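Observations on the model geometry
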Amino acid sequence: MDYFPLFLNLRRQRCLIVGGGDVALRKARLLLAAGAELIVVSPDLADELAALRDRGEITHAQREFDQADIDGMRLVIAATDDEAVNAQVHAECEARNVLVNVVDTPEKCRFIVPSIIDRAPLMVAISTGGAAPVLARQLRARIEATLPHGYGVLARLAGALRERVKTRFGDERARRRFWETALEGPAAEKALAGNEAGAMAELEQRLAHSDAAALQRGAVYLVGAGPGNPDLLTFRALRLMQQADVVLYDNLVAPAIIELVRRDAERIYVGKKSNNHALPQEDINRLLVKLALDGKTVLRLKGGDPFIFGRGGEEIEELAAAGVDFEVVPGITSASGASCYAGIPLTHRDHAQSVTFVTGHRRGDAIELDWPRLVSPSETVVIYMGVKQAPHICEQLIAHGRDAGTPAAIVEKATTAEQRVLTGTLASLPALITRHGIKPPALIIVGSVVSLHGKLGWRAPSA
Ligand code: SAH
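Residues numbered from 1 in each chain as written. Predicted model: local features only at pLDDT ≥ 70, side-chain atom pairs only at ≥ 80, totals over all residues. Heavy atoms only, no water.

1. Quick notes on the overall build of the protein
Regarding its fold elements, the protein presents 17 helices and 17 strands. Expected size for 463 residues packed as a compact globule is a radius of gyration near 23 Å; at 30 Å, the protein overshoots this value by more than 25%. The principal-axis extents of the C-alpha atoms in the protein amount to approximately 95 × 55 × 40 Å. Going through the 463 residues of the protein one by one, you find that 45% of them count as buried. Only carbon and sulfur atoms are counted for the fraction: they give 52% of the accessible area of the protein, which is about 24,400 Å². The averaged location of the 56 negative side-chain charges in the protein is 3 Å from the averaged location of its 54 positive side-chain charges. (Helix = DSSP H or I, 4+ residues; strand = E, 2+ residues; numbered from the N terminus. Rg over C-alpha atoms; globule rule 2.2 N^0.38 Å. Buried < 20%, exposed > 50% of the residue type's maximum accessible area, 1.4 Å probe, protein only. Areas by Shrake-Rupley, 256 points an atom, 1.4 Å probe, with all protein chains shown as cover. Lys, Arg positive; Asp, Glu negative; His and termini not counted. Charge placed at Lys NZ, Arg CZ, Asp CG, Glu CD.)

2. Points about the domain arrangement of the protein
Domain assignment breaks the protein into domain 1 (1-113), domain 2 (150-215), domain 3 (219-332) and domain 4 (335-456). Averaged C-alpha coordinates put domain 1 and domain 2 at centres separated by 39 Å. (Domains from an automatic or database assignment.)

3. Observations regarding unusual backbone geometry
Most peptide bonds take the trans form, and the phi angle of most residues other than glycine is negative. Of note, the bond from Ala 120 into Pro 121 is cis; its omega dihedral lies within 30 degrees of zero at 5°. Phi at Phe 309 takes a positive value of approximately 45°, unusual for a residue other than glycine. With respect to the helices and strands, the residue Phe 309 is situated in the loop between β11 (297-302) and α13 (312-321). One non-glycine residue, Thr 415, adopts positive backbone phi at about 75°. Among the structural elements, Thr 415 can be located in the loop between β15 (407-412) and β16 (420-425). Thr 415 gets classed as buried once you look at its relative accessible area, which sits at 0%.

4. Digging into helix α8 (residues 196-209)
Over its 14 residues, α8 runs 20 Å from end to end, which matches the ideal 20 Å to within 8%, given 1.5 Å per residue. Those residues of α8 lying buried are Gly 198, Ala 199, Met 200, Glu 202, Leu 203 and Leu 207. For α8, the elements touching its buried residues are α5 (150-168), α6 (172-182) and α7 (186-192). (Expected span 1.5 Å × (residues − 1). Contact = heavy atoms within 4.5 Å.)

5. Comments concerning the site of the ligand
Near the ligand lie 17 residues; those nearest to it are Pro 227, Ile 308, Thr 333, Ser 334 and Ala 442. Between the ligand and Gly 303 there is a distance of 3.0 Å, counted from a nitrogen atom to a backbone nitrogen or oxygen. At 2.7 Å from an oxygen atom of the ligand is found a main-chain nitrogen or oxygen belonging to Ala 442. For the ligand, the accessible surface in isolation is 540 Å², of which the surrounding protein chains cover 93%. Its residues assigned to classes, the shell around the ligand shows 11 nonpolar, four polar and two charged. (Near = heavy atom within 4 Å. Polar contact = N/O pair within 3.5 Å; in protein donor to acceptor, adjacent residues only side chain to side chain. Nonpolar A, V, L, I, M, F, W, Y, C, P; charged D, E, K, R; others polar.)

6. Concerning the environment of Glu 189
Its place among the elements puts Glu 189 in helix α7. It is 7.8 Å that separates the C-alpha atoms of Glu 189 and Ala 199, two residues lying 10 residues apart in sequence.

7. Description of the packing of helix α1 (residues 22-33) against helix α2 (residues 47-54)
Following both chains from N to C, one finds α1 and α2 inclined at 35°, their axes separated by 9 Å at the closest point. At the point where α1 passes α2, the crossing takes the left-handed sense. Residues Ala 24, Leu 25, Ala 28, Arg 29 and Leu 32 of α1 pack against Glu 48, Leu 49 and Leu 52 of α2. When its residues are assigned to classes, the contact of α1 with α2 shows six nonpolar, no polar and two charged. (Axes fitted to C-alpha atoms, helices over the stretch in contact; angles between N-to-C directions. Left-handed = near helix turned anticlockwise from the far one by under 90°.)

8. Some remarks on the sheet that holds strand β12 (residues 325-329)
Taken in spatial order, the five strands line up as β10-β9-β11-β8-β12 in an open sheet, and their pairing is parallel. Looking at which strands have only one partner, the edges of the open sheet turn out to be β10 (266-269) and β12. Strand after strand, the sheet turns through a mean of 20° between neighbouring axes, direction not considered. (Pairing = 2+ DSSP bridges.)

9. Focus on the side chain of Glu 315
Take Glu 315: it is sitting in helix α13. When neighbours within four sequence positions are excluded, Glu 315 is seen to be in contact with Leu 222, Gln 281, Ile 284, Asn 285, Leu 288, Arg 300 and Lys 302.

10. Observations concerning a negative patch on the surface
On the surface, a cluster of negative charge is made up of Asp 44, Glu 64, Asp 81, Asp 82, Glu 83 and Glu 107. Among the structural elements, Glu 83 can be located in helix α3 (residues 83-95). Taking relative accessible area as the criterion, Glu 83 reaches 71% and is therefore assigned exposed. (Patch = residues over 30% accessible without salt bridge, like charges linked within 9 Å, V, L, I, M, F, W, Y side chains within 5 Å. Salt bridge = Lys/Arg side-chain N within 4 Å of Asp/Glu carboxyl O.)

11. Considering the packing of aromatic side chains
Under the definition given, this model contains six aromatic pairs. Clustering of aromatic rings is evident, with ring pairs tying together Phe 169, Phe 178 and Trp 179. (Phe/Tyr/Trp six-rings, centres within 6.5 Å; stacked < 30°, edge-to-face > 60°.)

12. Notes on the environment of Glu 412
With respect to the helices, strands and loops of the structure, Glu 412 is situated in strand β15. Along the chain, Glu 412 and Asp 365 lie 47 residues apart, while their C-alpha atoms are 26 Å from each other. Apart from residues no more than four positions distant in its own chain, Glu 412 is found in contact with Glu 418, Gln 419, Arg 420, Gly 437, Ile 438, Lys 439, Pro 441 and Ala 442. A polar contact is formed between the side chain of Glu 412 and the side chain of Arg 420, at a distance of 2.7 Å. A distance of 2.8 Å separates the side chain of Glu 412 from the backbone nitrogen of Lys 439, its partner in a polar contact.

13. A short note on the environment of Tyr 3
With respect to the helices and strands, the residue Tyr 3 is situated in the segment before β1 (14-18). Under the relative-accessibility criterion, Tyr 3 is labelled partly exposed at 29%. Spatially, the C-alpha atoms of Tyr 3 and Gly 129 are 6.8 Å apart, while their sequence positions differ by 126 residues. Leave out the neighbours within four places in its chain, and Tyr 3 touches Pro 106, Ile 112 and Gly 129.

14. Considering the nonpolar core
Of all hydrophobic cores here, the largest spans 24 residues; its most connected members are Leu 397, Ile 410 and Val 446. Breaking this core down by element, the ones donating at least two residues are β14 (379-384), α15 (390-399), β15, α16 (429-435) and β17 (442-446). Ranked by residue count, the leading element in this core is α15, at four residues. Ignoring any residue separated from it by four or fewer positions in sequence, one finds Leu 397 in contact with Trp 371, Leu 374, Val 375, Arg 402, Leu 426 and Val 446. (Core = buried A, V, L, I, M, F, W, Y, C linked by side-chain atoms within 4.5 Å.)

Here is the structure:
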């Protein structure tokens, strides 16, 4: 992080602008909007600045800058077209630890001014740290367009009720949950539609009828996080990620996705590489129950879909038995992710009429698969957790009658920037996997559909 983001309370604080042109005027307007007590030092003033002076909104010192001008200032902006003066202002401020900004000169800025979307009291600030101001402006335009003005109203109403909500719900979590639901429901709709009185009435009513005990009850959300690319999360997943008190996750959930979890949430890594469970499944099940009974909103994030080779079923069985509230949110399973991102349709009128998902994970001595069911030429087979057992799997499929020349692929880290796709045949795939050092997570796809990869693979191979 190159800059520390913050919002500064400048009400009645002495601030200085050096310079009297149009740029100075723009900065002056912003500082006045924030309630600053503004002094402008400049031999001459643009008309509108002069008008501000005449109305008594700013104080004007009509002369060149002097280092004594900095005395007692919270913040200083240099906006002259004279580089030497700007440099002097900068040096004097730095020497005295006064916050300084030289307009359009990042290397002479102790602070920078972001692009803002103003829905006071709601404020969105964007900065690229000076790297791409145009990008910041474009983003700003996008947010402007999607953030209705009513959000400002909603924020103001919430502010007005804040103390009463605090008195009503002593428990911090209950309070947060009250707001999470209150600010999404009909009150929000009314505020966004410009019906301020209706929105307030709605909030009041909720406050009167919310049950503190119910708000303090915990719950577990078993959420599919998809195959790794954050763009493939569902809206529901993202929303729950931002409401969680605690999140349990494992290897399959990419760091880029964990980044999106509410910053204050506790993060518990429960591991899970095959044969190297950081926490045994039974302990995970028990931990989920305990956290929920403590009143927490618990997010159990799973790679892909929780109900496809995710042991999601086992985890919620325990929750159901303990009477804990839970919800299951589907995710894009890695077979779908790999199929789309590798350009290998899992079914196709000319190639495959059905698809089967199987696990290549060994249980005890053997892989427990119904091999004869997997050898029809018109069937696609997707094998999860099969990297290590690939030679055995391919061999068994051939032994049970699938043609050794059947196209087969392996897709490593599907949908992410590091995705790799290798294609061959049932006979050649195991050697390919070894030669290229493919590691889990990876999926094996077997069937005639793999031959379409050459034509339909739309994703540039990774470097
Ligand atoms: N619930 C998950 C599967 C968990 S089992 C899902 O629905 O996808 C773990 C296996 O999933 C891995 O061994 C691998 O075979 C597969 N897998 C998960 N993410 C993957 C990815 N990004 N690319 C390829 N395979 C993946």
